[in-house]
Amino acid sequence: MPKKRRRQEAGIDGAEEVQPAAASPAFSKKGWKSVQLDFELMKEFETAGGLYIEEADPDEVGVQYGGATEVPAVEKRRKRTKKKHQDKEDLSKVNERLKQELEDLRKKTQVQEEELAASDLSAWAEFELHPKLLVGLARQKFRTPTPVQARCLAPALRQRKDVVGAAETGSGKTLAFGLPILHHTLSSLPSADTPAAEDGPRALVLLPTRELAVQVQAHLNAVAQGSPVHTECLVGGMSTQKQKRLLRRKPAVVVGTPGRVYALLGLGEEVDKCQWLREGLKCLRHLVLDEADRLVESGHFKELDKILELVYSSVARPQQLQTFVFSATLTLDPRAQRGEEAGKVDALMSRLRFREKRAVFTVDLSKEPQSSKEEKEELPRRAKLPETLRFKELMCSGDKEKEPLLAVWLLRRFRWGLPVRAQAGGYAARVSAELQQNVEPEGGRVILFVNAISYVQRLSSVLALLLESPSASKVLSKVRMQGGKQSAPPGRTVDVLDLHSKMRQKDRLKRIERFRKLKDAVLVCTDIAARGLDVPDVSAVLHFQAPRGSEVFVHRSGRTARAGREGQSIAFVAPGDVEHWRRVYQAVGIAKEDTEAVEVFAEEISAAKEAARLAAELEKKVHQTSKQSSEQNWLKRAAREAELMLDEDQEEDLVRAAAPRKALWGLFQQLQARLRQPPRRSGAARLTKRERLAIARRGR
Ligand SMILES: Nc1ncnc2c1ncn2[C@@H]1O[C@H](COP(=O)(O)OP(=O)(O)OP(=O)(O)O)[C@@H](O)[C@H]1O
């Protein structure tokens, strides 16, 4: 099987229910060929850890390759080669190859399992988890349960209690409910080869956002890899047909957002019902509401309510239905919540049919885990924030100063470093002066939150130029810059990525995946990324615009300082924001003395102001010029098609329109010169690279 995902139309059983995608003109026009794959073999292949095989959607093919005239030459060549290759390959060969790779995987897994058997998993012993899960935990290198897991596993596993849990962001809540579900499902199987969910799913996990659902699915599948328990994900923004086909794999765990689950249960107006899912609700043993307080927010509540109604009327053994409700902000003071959202959590709780056996708890990592005897029935009204999170503030004289200060912060971290404060004495004095300032880490992954999609788009372009990100070439290519080659920036390559809800679902997921893999990157996003997004080692979260409420602040900040790591939450505070921030801090229990001010020097501000001004001007002009140029192109094309000559005035207009492009190149070079010259404090020599390294080593 090639490393790349195989996109094959699998004409698997049930074709009467689903229109084969290959019948679509988009497929036949592109010369794609339908092959019959052995569905059971595919399932086994994936269970054994093989790569995912996905069916192609006609609309995806259309979008990816465009119309006949839009297909780039390289793409066409690649497609022709692919077609030739596919023509040679008949069905039996595909299945033969799949079998061979499955065999190889089996051997590899066996070796891994032997290695894993040697890992120390004694910290999990008291929970008596299914051996397959222990292997999964060892594979993930999760040697000990996190406090929230330690707190939740005993009541959920042994006593099968319902659980309402509030624990800080990044504390491992997914496995706190995931492990009991996987354990109970695996333990109920007569043998390891028995299909886990013939008649219906065993667990339904509802989450508020698509990204979260995909993440939870991946998390559960990673731990259960190699077992017959498989999780599928149902989210909007992806084809319902494909998701119905995925459900034919009969997943034991279904993870999804309320909207799509609602549609596939046949509760919506469109007829999108999946019979297996709807009738299979009778088999449910676990119901999870993750990020419960967000689930009840506008848009989801009605659908959620109907899903719950259907679940309760369908489930065969209500007394065995275990309910988990989790969130980091479940316990926030309802007065801190906005208007009509305030009472909804309580309304949701009253609609859930908890059984008598129920554990309600919060986990505060600053305290020792409590014993199960101390289980509280009341949740204290306060939010959970990780101990390892530091709160900082950048005070701005007005909204206009926010961008230059953002530029200072980012350029310091990724380009310029921190300027030295005291210069008296030699190397040792400088080093200790720098140490006293508590050396900031350099580089890393940073998430920047703003409140509007249009702002994400503009700011990400400006920051790409400021940080000389590879994505800046996308901005610059819009005007096909003439007059010289762009030289590579000195030092680290910093990627600037954008993320917002108007992007296609696939692009959103790809963007998150890219951010996960990059060492140095800035993700500019709306609050779509605030909840649950689990990217390891995000070193800082920047609240460029204040969060709308305290719960959003908790979730935004929770993208950093995850799983016991260090992190910073940095607020950009203009005079108009002061009162709002005071209320946010108060609601989550952060005292004024818990926040630190970020010190910025005058030299840095003036250099960053100049850089930010040049970047903003360049971005604006690039935008204008690219708009102008598409209009000019239209004029030229229209004239050509009508076999008309442009008159002299029109030709002159075209020449004049080309002139600003050259001016843009000059602007870009000015910006580059400004960026590559770090600001100096007057009369101060900067630290050498060696000195900075020495500081970094001692300071951490
Ligand atoms: N036992 C463990 N040991 C080490 N790491 C773990 C363990 N359990 C989970 N993790 C890791 O901790 C990180 C956070 O886990 P998870 O996403 O479940 O947190 P969360 O509490 O749901 O956060 P949020 O409230 O932000 O959604 C993940 O990267 C996960 O892989």
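How each quantity is defined
- Residues numbered from 1 in each chain as written.
- Predicted model: local features only at pLDDT ≥ 70, side-chain atom pairs only at ≥ 80, totals over all residues.
- Heavy atoms only, no water.
- Helix = DSSP H or I, 4+ residues; strand = E, 2+ residues; numbered from the N terminus.
- Buried < 20%, exposed > 50% of the residue type's maximum accessible area, 1.4 Å probe, protein only.
- Contact = heavy atoms within 4.5 Å.
- Areas by Shrake-Rupley, 256 points an atom, 1.4 Å probe, with all protein chains shown as cover.
- Near = heavy atom within 4 Å.
- Polar contact = N/O pair within 3.5 Å; in protein donor to acceptor, adjacent residues only side chain to side chain.
- Phe/Tyr/Trp six-rings, centres within 6.5 Å; stacked < 30°, edge-to-face > 60°.
- Lys NZ or Arg CZ within 6 Å of the ring centre and 35° of its normal.
- Axes fitted to C-alpha atoms, helices over the stretch in contact; angles between N-to-C directions.
- Parallel < 35°, antiparallel > 145°, perpendicular 65-115°, else oblique.
- Left-handed = near helix turned anticlockwise from the far one by under 90°.
- Nonpolar A, V, L, I, M, F, W, Y, C, P; charged D, E, K, R; others polar.
- Salt bridge = Lys/Arg side-chain N within 4 Å of Asp/Glu carboxyl O.
- Pairing = 2+ DSSP bridges.
- Arc of directions from axis to C-beta.
- Right-handed = clockwise from strand over helix to strand, strands pointing away.
- UniProt positions renumbered as here; feature names shortened; annotations may be inferred.
- pLDDT = per-residue confidence, 0-100.
- Expected span 1.5 Å × (residues − 1).

The name an unreviewed UniProt entry gives the protein chain is ATP-dependent RNA helicase, with Effrenium voratum as the organism.

## What to know about the overall build of the protein chain
The secondary structure content of the protein chain amounts to 25 helices and 18 strands. The buried share of the protein chain, taken over its 700 residues, is 53%. Once local pairs closer than 6 in sequence are excluded, the contacts in the protein chain between residues at least 24 apart make up 80%. Accessible surface, the protein chain: about 33,000 Å² in total, of which carbon and sulfur atoms supply 51%.

## Description of the site of the ligand
The local shell around the ligand holds 20 residues, among which Gly170, Lys173, Thr174, Asp534 and Arg562 are the closest. Here an oxygen atom of the ligand and a backbone polar atom of Gly172 are 3.1 Å apart. Within the contact set of the ligand, an oxygen atom lies 2.7 Å away from a side-chain nitrogen or oxygen of Thr174. When the free accessible area of the ligand is taken as 640 Å², the share hidden by the protein chains comes to 88%.

## Structural notes on the packing of aromatic side chains
Per the counting criterion, the structure on display carries 9 aromatic pairs. Measuring from ring centre to ring centre gives 5.9 Å for Phe177 and Phe326, while their planes differ by 40°; the resulting arrangement is tilted. With Phe177 in helix H8 (residues 173-187) and Phe326 in strand S10 (residues 322-327), the pair connects residues that are 149 residues apart, well separated along the chain. Take Phe177 and Phe326: they sit in the same class, and that class is buried. Put simply, the rings of Phe391, Phe553, Trp581 and Tyr585 touch in pairs and so form one group of aromatic residues. The ring of Phe544 is capped by Lys402, whose NZ or CZ atom sits 5.9 Å from the centre of that ring.

## Details of the environment of Lys141
One can find Lys141 in the loop between helix H6 (131-139) and helix H7 (147-158). Note: C-alpha distance between Lys141 and Asp120 (21 residues apart in sequence) is 9.9 Å.

## Some words on the packing of H7 against H8
Packed helix pairs are specified by the crossing angle of their axes together with the interaxial distance, meaning the distance between the axes. Running from N to C, H7 and H8 point in directions that differ by 30°, and their axes come no closer than 8 Å. In terms of their interaxial angle, H7 and H8 are classed as roughly parallel. In the packing of H7 onto H8, the handedness of the crossing is right-handed. On H8, the residues touching Val148, Gln149, Cys152, Leu153, Ala156 and Leu157 of H7 are Lys173, Leu175, Ala176, Leu179, Pro180, His183 and His184. When its residues are assigned to classes, the contact of H7 with H8 shows 9 nonpolar, 3 polar and 1 charged.

## Some remarks on the pattern of salt bridges
For the structure on display, the rule yields 23 salt bridges. Two residues, Asp527 and Arg556, come together in a salt bridge whose shortest N-O distance is 2.7 Å. Taken together, the residues span a long stretch of sequence, with Asp527 in the loop between strand S15 (521-525) and strand S16 (538-543) and Arg556 in helix H21 (residues 550-557) at a distance of 29 residues. The class of Asp527 is buried, set by a relative accessible area of 18%. Classification of Arg556 as buried rests on a relative accessible area of 0%. Residues joined by salt bridges that share partners form a network here, namely Glu610, Arg613, Glu617 and Lys621.

## Quick look at the side chain of Ser469
Note on placement: Ser469 falls in the loop between helix H18 (453-466) and helix H19 (472-477). Among the polar contacts listed, one links the side chain of Ser469 to the backbone nitrogen of Val496, at a separation of 3.2 Å. Other than its neighbours up to four places away in sequence, Ser469 contacts Ala464, Val494, Asp495 and Val496.

## Looking at the sheet that holds strand S12 (residues 389-395)
Strands in a sheet are paired, the pairing made by backbone hydrogen bonds, and the direction either parallel or antiparallel. Across the sheet, which stays open at both edges, the 7 strands sit in the order S14-S15-S13-S16-S17-S12-S18 with parallel pairing between neighbours. A single partner strand is all that each edge strand has here, and the edge strands are strand S14 (495-499) and strand S18 (595-597). For this sheet, the mean inter-axis angle between neighbouring strands, taken without regard to orientation, is 25°. Sheet topology places S14 next to S15; 5 bridges connect them, and they run parallel. The residue bridging Leu497 from the neighbouring strand is Leu523, located in S15.

## Observations concerning helix H22 (residues 578-588)
Regarding H22, the residues found buried are Trp581, Val584, Tyr585 and Val588. The buried residues of H22 occupy one face: seen down the axis, they fall within an arc of 95°. In this structure, the buried residues of H22 make contact with S12, S16, H21, strand S17 (567-573) and S18. Gly589, located one to two residues past H22, shows a positive phi value of around 75°.

## Observations concerning the pairing of strand S6 (residues 203-206)
Burial along S6 is two-sided: Ala203 and Val205 facing one way and Leu204 and Leu206 facing the other are all buried. Sheet topology note: the S6/strand S8 (residues 253-256) ladder contains 4 bridges and is parallel. Note on S8: the bridge partner recorded for Val205 is Val255. Alignment of S6 against strand S9 (residues 286-290), held across 4 bridges, turns out to be parallel. Across the sheet, residue Leu204 finds its bridge partner in S9, namely Leu287.

## Concerning the pairing of S14
Consecutive residues of a regular strand have side chains that alternate between opposite faces of the sheet. When you tally the buried positions in S14, you get 5 out of 5 residues, the bulk of the element. The side-chain alternation of S14 yields two buried faces, one formed by Asp495, Leu497 and Leu499 and the other by Val496 and Asp498. Between S14 and its parallel partner S15, the chain crosses via helix H20 (residues 505-517), and the hand of that crossover is right-handed.

## A few points about the UniProt feature "domain: DEAD-box RNA helicase Q" (unreviewed entry) in the protein chain
The UniProt entry lists residues 122-150 under the feature "domain: DEAD-box RNA helicase Q" (unreviewed entry), expressed in the numbering used here. The annotated region residues 122-150 carries 45% helix and 0% strand content, and the separation between its end C-alpha atoms amounts to 13 Å.

## As for the side chain of Arg508
Mapped onto the fold, Arg508 is located in helix H20. Excluding its chain neighbours within four sequence positions, the residues that come into contact with Arg508 are Arg210, Glu211, Leu499, His500, Ser501, Met503 and Ile528.

## Regarding the confidence of the model for the protein chain
One rule of thumb: low pLDDT means the predicted coordinates there are not for detailed reading. Per-chain confidence: the protein chain averages 75 in pLDDT, with 65% of residues scoring 70 or above. Note on residues 57-76: pLDDT under 50 across the span, and 27 contacts to partners over four residues away in sequence or across chains. Contacts for the low-pLDDT stretch residues 332-339, under 50 throughout, to residues beyond four places or in other chains number 18 contacts. The complex model carries a pTM of 0.66, and its ipTM stands at 0.97.

## Description of the environment of Glu403
Tracing the sequence through the fold places Glu403 in helix H16 (residues 402-416). With 205 residues separating them in the primary sequence, Glu403 and Ala608 have C-alpha atoms 8.9 Å apart.

## Examining the environment of Ile570
For Ile570, the position within the fold is in strand S17. For Ile570 and Ala540, which are 30 residues apart along the polypeptide, the C-alpha to C-alpha distance reads 7.3 Å. With near-sequence residues (within four places) excluded, Ile570 lies in contact with Lys392, Leu394, Trp409, Ala540, Val541, Leu542 and His543.

## So, H7
Counted at 1.5 Å a residue, the expected span for H7 with its 12 residues is 16 Å, and the 17 Å between its end C-alpha atoms agrees. Along H7, 9 of the 12 residues are buried, which leaves the element largely enclosed by surrounding structure. Regarding H7, the residues found buried are Val148, Gln149, Arg151, Cys152, Leu153, Ala154, Pro155, Ala156 and Leu157. Count one or two residues on from H7 and you reach Arg160, which has phi positive near 50°.

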